[in-house]
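# Survey of secondary and tertiary structure
Each chain, letter by letter, is given below.
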Amino acid sequence: MSAPGPLLRVRDLCVTFPARRGRPPVRAVDHVSFDIEPGQTLGLVGESGSGKTTTGRAILQLQPASGGSVRLLGQELTAMRRADLRAMRRHMQFVLQNPYSSLHPRMTVAQILAEPLTVHRSVPRERIPERVAELMTLVGMDPKVVHRYPHEFSGGQRQRVVIARALAVNPDFVVCDEPVSALDVRTQAQIVDLLHSLQEKLRLSYLFIAHDLAIVRAVAHRVAVMYGGRLVELGDAARVYDSPAHPYTRNLLDAVPIPDPARQRAKLAEAAPEPQFRGRDGETGPCVFGEDHAASGTPAWHEVAPGHGVSCRFWPPGACPGQELPRI
Amino acid sequence: MDDPRALLQVRDLTAQFNRDGVPSRVVNGISFDIAPGEAVGFVGESGCGKSVTARAIMRLAPEGSSVAWGGRILFRGRDLLRIEEREMRDMRGRRIAMVFQDPMTSLNPVMTVGAQIDDMLCRHAGLSRRAARRRTVELLGLVGIRDPALRADDHPHQFSGGMRQRVLIAIAVSCQPDLLIADEPTTALDVTVQAQILRLLMRLGRELGMALMLITHDFGVIAGMVERVYVMHGGDIVESGEVDALFAGPQHPYTRALLAAVPRIETAGRTT
Amino acid sequence: MVAIGFVMLAALLAIVILGPVIAPYSPSKTSPGSLAGPSAAHWLGTDSIGRDVLSRLIIGGRGTLLITVVAVAIALAAGLVLGLVSGYVGGRVDQAIMRVLDVVFAFPVFLLAIAVVAALGPTLQNLILTIAIVYTPTLARVVRGPVLSVKRWDHVEAARSVGVGEFAIAIRHVLPLVVSPILVQTSLTLANTIFTVTALSFLGLGPPPPDPNWGSMLAEARQFMELAPLTVIGPAAAIVFASLTFIVLANGLREMLDVGSR
């Protein structure tokens, strides 16, 4: 089933929520494009309401897209028939944020893990218990506890079960939507380690959605920053973190607290940077980079280095990329 | 040991829950002091007893449970665990105020935010309606809400999460309390909003001369905000000290493990 | 509370199941001496044509409760299907189902019953069917409400993302989490239905004689109320006891299952 090109290819993905009770329709995801290579992690960061979760759900076809294309393993997902899509789900899985609500409260762990196996008939019925035990070991849990219910486990253990369920059918691609944000710091580190080792062992690709930029730094090969439904920056993690090109990215990075008292104190003592990012205006006329996209018909996207792009939307008034960019 | 200058002296505080008839201890006799105007941090993971400790000072039982307190909580020499409920009600809000994690559920959705602050001022500070509204507008301005006179007439749903937390902070500081307890005040907020709220708390502490008890699981949040830190684990204070010394040389293995687990944005990550 | 409910239910079931065994007489056997007071031979006396009141109460209970349980079972089955489909599928399907149920719900119970029985005749089947139709909307709504919220829970999305089909999600991931309110409402519906069944029988719309039931016994005894008060008090007390059983049970279940939390 392998096809040339990236494992996942998202092009101009749009999601519009219909108008409701007098409110105009909302464009939650606006022409988002990126690729994910096999065995790699793309970190998708942004604040609440930026559209990052909707993007993840739209890629998994849990949310209908209003435009654009999502190709996984060379197959177009957006136009797929329902039955084909269900079969395709064995290649793409989902790890949700809240391990307390994403497991069926009245099903045992064994039942939870067996469900995907039965749905996709990936192992013969009599081998299911064996595979369930294998999955438990894979995520670092004791196979003896499979007959317990989710409420008997801690948050970290539950998240391990959620991960085991996602891996049951040997997927190629997993969307992790804030997989550790509901957990304690030490548990977060353990789950991140687990996701790492699973990636290496199984050559998984992740779309890792999170608002915590420090966690994303630890897991992602490449990083995409979302704001107002659009990607504002996309590039290798090292480049985006060390030389952010978009003022919004810089603002996000500046806000992350540093666990070092002296430096964090100095940071808090500085005047609060609260730049106002302009809305969707600037669709006509020259952009901040001086290019008129409406006239030239080019996408509003600028390469600042190979594989490191930045959007010319959402810049604070008066900001000029030329002045701020050279921090490379 | 007993520092007469202390604003709050907690001695051998215990808290015991009664869950389905089975008693379980969540705070095991902890002692600590907070001086007037001092900022103190409490760090620990969920279930370590840090929030229960904070609620003990407010003498509030966590939702839907009964709890038996033990020990002493001396606030300006009065033992908060032993005073009459009437006196305690007066303490809450007026002398000791609290800000919670979730700014979404802590406000009354059917009242304008201005009316909610007015009420607080009329009840605790004995202001007239008109004087209360003047002070409300002042407070909303103080916590960084633009056009406070107009926004006072808005309902909570018209505010973003960060703005609601600002409103809650305005309510908390409305009577100029001596101690502000902030229990994970930024956990539910975005990182840029978190930075703004932290700056706000710091500024208010300084301007109003309030002591701050900041409770969080995040060492990054604690780092720049407080002078002293208490690390809690399993209902005990396992380590305490000046913030710089504690970050530079944590003594207790649990503190070391917690600090090591904090993700750092500057550590080089993975490469393609 | 729930324990009391179950004890009462056990007593009720025991009387109904063991009825023919424990009833001292056949319900249609007449003995000399009508409208007699309580005696060693007839604990609750005899009715206007000399039949044993206690025996008729016990056997009559079977009829009344059988109609009640069968009718509610049908209403529950219909309510489950309609409520689940309506709540889970949503959109136009939901609108259509709920509008139709609203129309049924708007009909007064007795008017509907009288209409059906008048049109189709006072048979046992018609009575059961009428009552089942009358209570279907209530149960369907009780199913639909929680389904609407449970279908948005994370574990449902998780199941969908794993590739579980919509039918299986509805049955396995949604339905088991809405049973508590359904149990409570079913119990309450049983209590109401007992009243409805006896009231319809009282009005002569119930199953035809000679089989006794509480409603028709009340109707017959009414004219002799002053002569033989027990012939009225007996069935009245039985009706109250039976419906109280289900009300107590419903309240007990509500407490035990803590409906409304989560």
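Residues numbered from 1 in each chain as written. Chains lettered and ligands numbered in written order. Predicted model: local features only at pLDDT ≥ 70, side-chain atom pairs only at ≥ 80, totals over all residues. Heavy atoms only, no water.

## Topic: the overall build of chain A
Along chain A, the regular secondary structure elements total twelve helices and twelve strands. Dimensions of chain A, computed from C-alpha atoms along their principal axes, come out at roughly 65 × 55 × 45 Å. Put simply, chain A has 328 residues, and 55% of those count as buried. Restricting to contacts in chain A with at least 6 residues of sequence separation, those with at least 24 account for 66%. Between the centroid of the 39 positive side chains of chain A and the centroid of its 33 negative side chains there is a distance of 7 Å. (Helix = DSSP H or I, 4+ residues; strand = E, 2+ residues; numbered from the N terminus. Buried < 20%, exposed > 50% of the residue type's maximum accessible area, 1.4 Å probe, protein only. Contact = heavy atoms within 4.5 Å. Lys, Arg positive; Asp, Glu negative; His and termini not counted. Charge placed at Lys NZ, Arg CZ, Asp CG, Glu CD.)

## Points about the interface of chain A and chain B
Of the residues lining the interface, 47 residues belong to chain A; the matching set on chain B comes to 41 residues. Here chain A packs against chain B, burying approximately 3,600 Å² in sum over the two surfaces, 57% of which is carbon and sulfur. Broken down residue by residue, the surface that chain A buries against chain B is led by Arg-186, Pro-259 and Leu-268 of chain A, which jointly contribute 20%. In this assembly, chain A and chain B are joined by two salt bridges. Across the pair Asp-244 of chain B and Arg-265 of chain A runs a salt bridge, and its minimum N-O distance is 2.9 Å. Connecting chain A to chain B are nine residue pairs in polar contact (both at pLDDT 80 or more). Contributions of two or more residues to the side of chain A that touches chain B are made by helix 6 (185-202), helix 7 (213-219), helix 8 (237-242), helix 9 (247-255) and helix 10 (261-269) of chain A. (Buried area = accessible area lost by both parts, 1.4 Å probe. Salt bridge = Lys/Arg side-chain N within 4 Å of Asp/Glu carboxyl O. Polar contact = N/O pair within 3.5 Å; in protein donor to acceptor, adjacent residues only side chain to side chain.)

## With respect to the interface of chain A and chain C
Taken together, the contact between chain A and chain C spans 22 residues of the former and 18 residues of the latter. Taken together, both faces of the contact between chain A and chain C bury some 1,800 Å²; the carbon and sulfur share is 56%. By the criterion of area lost to chain C, the three top residues of chain A are His-104, Arg-106 and Glu-115 of chain A, representing 29% of everything that side buries. Joining chain A to chain C, the criterion identifies two salt bridges. Of the charged contacts in the structure, one is a salt bridge between Glu-115 of chain A and Arg-172 of chain C, with a shortest N-O distance of 3.1 Å.

## Let's talk about the sheet that holds strand 1 (residues 8-19) of chain B
Residues and elements named next belong to chain B. Reading across from one edge, 2-1-4-5 is the order of the four strands in this open sheet, with antiparallel pairing throughout. Of all strands in the sheet, those bounded by a partner on one side alone are strand 2 (22-34) and strand 5 (78-79). Sheet topology places strand 1 next to strand 4 (residues 67-75); eight bridges connect them, and they run antiparallel. Considered in strand 4, the bridge of Gln-9 is made with Leu-74. Across the sheet, helix 1 (residues 50-58) is in contact with strand 1, strand 2 and strand 4; its angle to strand 2 comes to roughly 70 degrees. (Pairing = 2+ DSSP bridges. Axes fitted to C-alpha atoms, helices over the stretch in contact; angles between N-to-C directions.)

## Here we look at a nonpolar patch on the surface
There is a patch of nonpolar side chains on the surface, built from Leu-13, Ile-15, Ile-17, Leu-18, Val-21 and Ile-22 of chain C and spanning about 570 Å² of accessible area. Inspection of the secondary structure assignment puts Ile-15 of chain C in helix 1 (residues 2-22). (Patch = residues over 30% accessible without salt bridge, like charges linked within 9 Å, V, L, I, M, F, W, Y side chains within 5 Å. Areas by Shrake-Rupley, 256 points an atom, 1.4 Å probe, with all protein chains shown as cover.)

## A few points about the arrangement of the chains
Counting contacts across all two pairs of chains found in contact, the highest total belongs to chains A and B. Structurally, chain B and chain C remain out of contact, their C-alpha atoms never closer than 12 Å.

## Concerning the side chain of Thr-55 of chain A
All names here are of chain A. Within the secondary structure, Thr-55 is located in helix 1 (residues 52-59). With a relative accessible area of 0%, Thr-55 lands in the buried category. In this structure the side chain of Thr-55 is engaged in a polar contact, spanning 2.7 Å, whose partner is the backbone oxygen of Gly-51.

## Points about the environment of Gly-285 of chain A
Residue and element names in this part refer to chain A. With respect to the element layout, Gly-285 can be found in the loop between helix 10 and helix 11 (293-296). Look at Gly-285 and you get partly exposed, because its relative accessible area is 23%. Note: C-alpha distance between Gly-285 and Arg-217 (68 residues apart in sequence) is 36 Å. Those residues within four positions of Gly-285 in sequence are excluded, and the remaining contacts are Glu-291, Asp-292 and His-293.

## Focus: the pattern of salt bridges
Where charged atoms from two side chains of opposite charge come close, those side chains can pair. Using the criterion set out here, one finds 36 salt bridges over all chains in the structure. For the salt bridge of Glu-85 of chain B with Arg-92 of chain B, the shortest nitrogen-to-oxygen distance reads 3.3 Å. Looking at Glu-85 of chain B, the relative accessible area reads 35%, which means it is partly exposed. Salt bridges sharing partners connect three or more residues here, namely Arg-27, Asp-30 and Arg-230 of chain A.

## Overview of the sheet that holds strand 5 (residues 75-76) of chain A
All names here are of chain A. The four strands lie next to each other as 2-1-4-5, forming an open sheet whose pairing is antiparallel. Two strands bound the open sheet, and with one partner strand each, they are strand 2 (26-36) and strand 5. Bridge analysis of strand 1 (residues 8-17) against strand 4 (residues 67-72) gives five bridges, and the strand direction is antiparallel. Paired with Val-10 across the strands is Val-70, a residue of strand 4. The strands that helix 1 touches are strand 1, strand 2 and strand 4; relative to strand 1, the one it contacts most, it runs at about 115 degrees.

## Describing the UniProt feature "domain: ABC transporter" (unreviewed entry) in chain A
In this numbering, the UniProt entry assigns the feature "domain: ABC transporter" (unreviewed entry) to residues 8-253 of chain A. Secondary structure content for residues 8-253 of chain A is 36% helix and 25% strand, while the C-alpha to C-alpha distance between its ends is 27 Å. (UniProt positions renumbered as here; feature names shortened; annotations may be inferred.)

## Quick look at helix 5 (residues 124-150) of chain C
Between its first and last C-alpha, helix 5 of chain C extends 38 Å over 27 residues, near the 39 Å set by a 1.5 Å rise per residue. In helix 5 of chain C, a bend of some 35 degrees at Thr-136 of chain C exceeds every other bend along the element, and Pro-137 of chain C, a proline, comes one to four places later. (Expected span 1.5 Å × (residues − 1). Bend = angle between axes of the 7 residues up to and from the residue.)

## Some details on a positive patch on the surface
A cluster of basic residues, Arg-20, Arg-21 and Arg-23 of chain A together with Arg-152 of chain C, forms a positive patch at the surface. Taking the relative accessible area as the measure of exposure, Arg-23 of chain A reaches 64% and is therefore exposed.

## Points about the environment of Met-213 of chain B
Residue and element names in this part refer to chain B. Within the element layout of this structure, Met-213 appears in strand 8 (residues 211-216). Looking at Met-213, the relative accessible area reads 0%, which means it is buried. A C-alpha to C-alpha distance of 8.6 Å links Met-213 and Val-226, two positions 13 residues apart in sequence. Filtering out sequence-adjacent residues up to four positions away, Met-213 remains in contact with Phe-32, Ile-34, Val-40, Phe-42, Thr-53, Ala-54, Ile-57, Leu-179, Leu-180, Ile-181 and Ala-182.

## Things to note about the nonpolar core
Ranked by internal contacts, the top residues of the largest apolar core, which has 62 residues, are Leu-113, Ile-163, Phe-208, Leu-213, Val-216, Val-223 and Val-225 of chain A. Ignoring anything within four residues of it in the chain, the contact list for Val-225 of chain A reads Val-45, Arg-230, Leu-231, Val-232, Glu-233, Val-240, Tyr-248, Thr-249 and Leu-252 of chain A. Membership of the second largest hydrophobic core comes to 53 residues, among which are Leu-204, Met-210, Leu-214 and Val-262 of chain B. (Core = buried A, V, L, I, M, F, W, Y, C linked by side-chain atoms within 4.5 Å.)

## Let's talk about the packing of aromatic side chains
Where two aromatic rings form a pair, the distance of their centres and the angle of their planes describe that pair. This structure, assessed with the given rule, holds seven aromatic pairs over all chains. Measuring from ring centre to ring centre gives 4.8 Å for Phe-32 of chain B and Phe-42 of chain B, while their planes differ by 70 degrees; the resulting arrangement is edge-to-face. With Phe-32 of chain B in strand 2 and Phe-42 of chain B in strand 3 (residues 39-43), this residue pair connects regions lying ten residues apart in the sequence. Both residues of the pair, Phe-32 of chain B and Phe-42 of chain B, belong to the buried class. Seen in terms of ring centroids, Phe-42 of chain B and Tyr-230 of chain B are 5.0 Å apart; in terms of plane orientation they differ by 25 degrees. Their pairing is stacked. Separated by 188 residues along the polypeptide, Phe-42 of chain B in strand 3 and Tyr-230 of chain B in strand 9 (residues 228-233) bring together distant segments of the chain. For the pair formed by Phe-42 of chain B and Tyr-230 of chain B, the shared burial category is buried. Among the aromatic side chains, those forming a connected cluster through ring pairs are Tyr-227, Tyr-248 and Phe-314 of chain A. Note that Arg-151 of chain B overlies the ring of Phe-159 of chain B, its terminal NZ or CZ placed 4.2 Å from the centroid. For the cation-ring pair, Arg-141 of chain C lies above Phe-105 of chain C, with the distance from its terminal atom to the ring centre recorded as 4.3 Å. (Phe/Tyr/Trp six-rings, centres within 6.5 Å; stacked < 30°, edge-to-face > 60°. Lys NZ or Arg CZ within 6 Å of the ring centre and 35° of its normal.)

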